[in-house]
Amino acid sequence: MQRGITNLVFDNPKNLTSLAIGDAFVTTDTLGGGGLLGGISWGRNFELSPYLIRQPSFNAAGVVDSPAKAEVYLNNRLLRTLELPPGPFRLENLPYNSGFNHIRVVVTDAAGKTQVFDSRYVQFSRLLKPGLSEFFVTAGAERQDFGRRNFSYDDTVRLLGTYRQGVLTNLTLGGRIEATDQLINTGISVSTALPLGTLDLAAAVSQTEGVLGHAVALSYFYPGRWLGFGGGVRLLSDAYANTSLTLTGDRPRLEGFFTASVPLGSRINLSGQYNYTDQRDALARDQISLSAQVRLSRRLNLFIQASQSQVQSQSPDNRFSVNLNYFLGGNTNLNAGWRQEGNQGVPSFSVQRYLPQGEGYGYRVQLEQQNEQGRAQNIFLYNAPWASYQLGYSRSGDTNNTLLGMEGAIVAIGGGLYTTRPIRNSFVLVDLGNVPGVATFLSNQLMGRTNRQGKIIIPNLIPYYGNQVSIDPDSVPENYLAANDSLLIAPPFRGGGIARFTVQRIQNFIGTVVLQRAGTRIIPALGEFTVQRGEEMVASPLNRNGQFYFETLTPGDYTAQVRFEREVCAFSLSIPASDKLFVDLGTLTCVLP
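Computed from a predicted model, the values in this text were never measured in an experiment.

Trainee: For the sheet that holds strand β31 (residues 439-442), give the residues involved together with the corresponding values.
Mentor: Pairing within the open sheet is antiparallel, and its four strands lie in the order β32-β31-β34-β36. Each edge of the open sheet is held by one strand with a lone partner, namely β32 (445-449) and β36 (486-489). On average, each strand axis in the sheet is tilted by 25 degrees relative to the strand beside it, whichever way the strands run. The pairing of β31 with β32 spans four bridges and is classified as antiparallel. When the sheet's bridge partners are listed, Ala-439 is paired in β32 with Arg-449.

Spelled out as structure tokens, the structure:
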């Protein structure tokens with residue numbers, strides 16, 4: 001039994017911060033360290049406000065003297081039309097795409113006067129809106145042998161912190177610091193959007209064991225629609241160190257890359273990449289690769305890749321692969337391929353069924369033949385209502401490995417304690433009032449069926465968003481009637497909500513009512529029989545024999561009344577609890593004064 005990531009998290013939605021005690025994956029920037037640390041972490045958490053717009057956006061402001069209409073165009077496409085009242089107006093957070101954007105707002109008033117707001121800019125995921133910041137601070141020890149040992153941490157306490165601030169719409173600045181008892185490392189970063197692309201710059205200095213080191217990194221990308229390309233370079237001195245790179249550890253003195261991609265119509269996409277690494281201790285290495293993706297049909301895709309890598313003063317390593325991927329339907333893919341490595345060909349075959357979001361199963365079977373030895377990697381996945389399971393088996397030559405895994409969550413909500421699959425965002429308790437076996441859906445995807453208590457936990461809802469939770473009315477037992485079949489639930493981040501569906505048991509109550517006066521029985525033929533409890537009141541006409549018929553009465557005591565000709569007779573009626581579809585109340589007698 002192996003322990004996974006374990007932590008206790010305290011969220012502060014007001015300040016968009018989270019405090020975590022336990023294990024946490026920590027990353028800084030391209031020159032910094034990180035890893036899986038056990039300790040305490042505190043920082044900005046934008047997931048607590050998913051509607052927050054983090055990146056710079058285009059705004060338009062002006063004044064109109066009469067009612068006006070604003071048309072918003074993005075890359076020459078009309079996105080929306082807005083009605084503006086007379087007076088000043090301000091349009092904020094207008095939509096954008098990743099990469100190059102040309103946004104134009106045309107405002108036309110009742111007199112035909114036109115104002116045009118026009119802007120061209122590059123949207124870059126690394127940019128923050130002016131005034132918006134992100135940060136984190138972590139102190140802890142690195143967890144070792146993850147997946148094999150449960151409580152193995154090294155003896156060195158690491159301190160890491162970063163801070164980034166949106167300064168201008170096209171400029172975000174940042175700083176970073178890392179420290180141990182033997183190390184201090186600090187650096188700065190600059191992210192900017194230029195008229196012809198995006199630029200990232202980072203620089204850092206370190207001191208460990210009295211030795212100074214330095215490093216710098218630069219990357220550029222041109223996110224064109226018909227041609228995208230970019231490149232970067234990273235330089236590390238021989239003595240540079242951070243919390244993940246020791247003074248004695250090998251490192252790339254020079255590391256560079258270039259990448260480009262171009263679509264050829266709607267069916268073909270070509271891409272290429274070149275990488276070069278000059279290590280301090282090892283030999284220099286470079287690699288070039290070309291790939292093509294071709295959509296042959298709606299279900300069939302072809303992938304081709306060729307690469308050559310070479311270590312300094314050694315023979316090049318040439319590789320080529322071709323794969324056909326066919327979608328069988330039902331979340332299942334079939335893949336057949338050939339990989340050429342030098343003089344050796346490696347055939348492969350795999351079939352995969354993707355695990356559904358709700359209850360259900362998935363699997364992957366992968367086979368290949370290399371060096372006259374067969375390789376097999378097989379895994380079966382199952383989402384149960386209370387947990388997720390994994391069963392795997394792999395074989396390479398004479399080596400066999402078996403995997404058995406389980407993960408889940410325990411939640412307390414609505415006065416109950418429930419087990420369910422892992423919860424990574426938010427969840428909802430669906431309550432149908434003790435009606436079992438009802439199919440429940442999240443955004444029209446089947447999640448499972450209610451248990452014997454008429455409840456089911458659905459994990460992984462989008463926090464702070466109106467998630468559509470629904471039931472299938474046809475799966476409701478025939479002796480029940482659902483008043484509604486869909487609800488919108490917006491739970492908080494790592495929190496839960498309750499979706500209560502009103503379901504009423506359908507029962508038929510039959511019987512006969514008679515009146516009695518001075519020992520004489522009177523049949524209230526063609527009269528009316530009403531029963532009332534609180535605001536609940538139902539009526540039934542009586543046939544010539546005084547027989548009545550009611551539907552869906554809840555068990556309890558009612559005030560009953562019989563109207564016949566000019567007579568009105570009142571009495572008390574008790575409706576018993578019963579599982580029967582038809583309940584015979586027998587003969588009821590009301591005594592007239």
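Trainee: I'd like a rundown of the sheet that holds strand β44 (residues 556-564), residues and numbers included.
Mentor: Read across the sheet, four strands follow the order β42-β41-β44-β45 without closing on themselves; strand pairing throughout is antiparallel. Looking at strand neighbours, the two that pair on one side only are β42 (536-541) and β45 (567-575), the edges of this open sheet. Ignoring strand direction, the axes of neighbouring strands in this sheet form an average angle of 20 degrees. Pairing between strand β41 (residues 528-533) and β42: six bridges, direction antiparallel. If you follow Gln-532 over to β42, its bridge partner there is Met-537.

Trainee: Give a detailed account of the pattern of salt bridges, specifying residues and quantitative values.
Mentor: Applying the stated criterion across every chain, the model contains 22 salt bridges. Glu-341 is the salt-bridge partner of Arg-319, the closest N and O atoms lying 3.5 Å from each other. Within this pair, whereas Arg-319 is found in strand β21 (residues 317-329), its partner Glu-341 is found in strand β22 (residues 332-341), the two being separated by 22 residues in sequence. The exposure class of Glu-341 is buried, given its relative accessible area of 17%.

Trainee: Give a detailed account of the nonpolar core, specifying residues and quantitative values.
Mentor: The biggest cluster of nonpolar side chains holds 22 residues, and the ones touching the most others in it are Phe-529, Val-531, Phe-548, Phe-571 and Leu-573. Once residues within four sequence positions are removed from consideration, Phe-548 is found in contact with Phe-509, Ile-510, Gly-511, Thr-512, Val-513, Phe-529, Ser-540, Pro-541, Leu-542, Leu-585 and Leu-588. Membership of the second largest hydrophobic core comes to 18 residues, among which are Leu-432, Val-438, Ile-458 and Ile-489.

Trainee: Residues and numbers for a nonpolar patch on the surface, please.
Mentor: Together, Leu-201, Val-216, Leu-218, Val-233, Leu-235 and Leu-254 line one region of the surface with nonpolar side chains, adding up to about 410 Å² of accessible area. Elements supplying a minimum of two residues to the nonpolar patch: β15 (211-223) and β16 (228-236). Mapped onto the elements of the fold, Val-233 is located in strand β16. In this structure Val-233 comes out as partly exposed when scored by relative accessible area, which is 34%.

Trainee: Quick one: what's the story with unusual backbone geometry, residue by residue and with numbers?
Mentor: Phi angles above zero are rare outside glycine, and Asn-434 is one such case at about 65 degrees. Among the secondary structure elements, Asn-434 is positioned in the loop between β30 (426-431) and β31. Non-glycine residue Leu-526 carries a positive phi angle of around 60 degrees. Position of Leu-526 among the secondary structure elements: in the loop between β40 (520-522) and β41.

What counts as what
Residues numbered from 1 in each chain as written. Predicted model: local features only at pLDDT ≥ 70, side-chain atom pairs only at ≥ 80, totals over all residues. Heavy atoms only, no water. Pairing = 2+ DSSP bridges. Helix = DSSP H or I, 4+ residues; strand = E, 2+ residues; numbered from the N terminus. Axes fitted to C-alpha atoms, helices over the stretch in contact; angles between N-to-C directions. Salt bridge = Lys/Arg side-chain N within 4 Å of Asp/Glu carboxyl O. Buried < 20%, exposed > 50% of the residue type's maximum accessible area, 1.4 Å probe, protein only. Core = buried A, V, L, I, M, F, W, Y, C linked by side-chain atoms within 4.5 Å. Contact = heavy atoms within 4.5 Å. Patch = residues over 30% accessible without salt bridge, like charges linked within 9 Å, V, L, I, M, F, W, Y side chains within 5 Å. Areas by Shrake-Rupley, 256 points an atom, 1.4 Å probe, with all protein chains shown as cover.

Bear in mind that shape data such as this cannot, by itself, settle questions of function.
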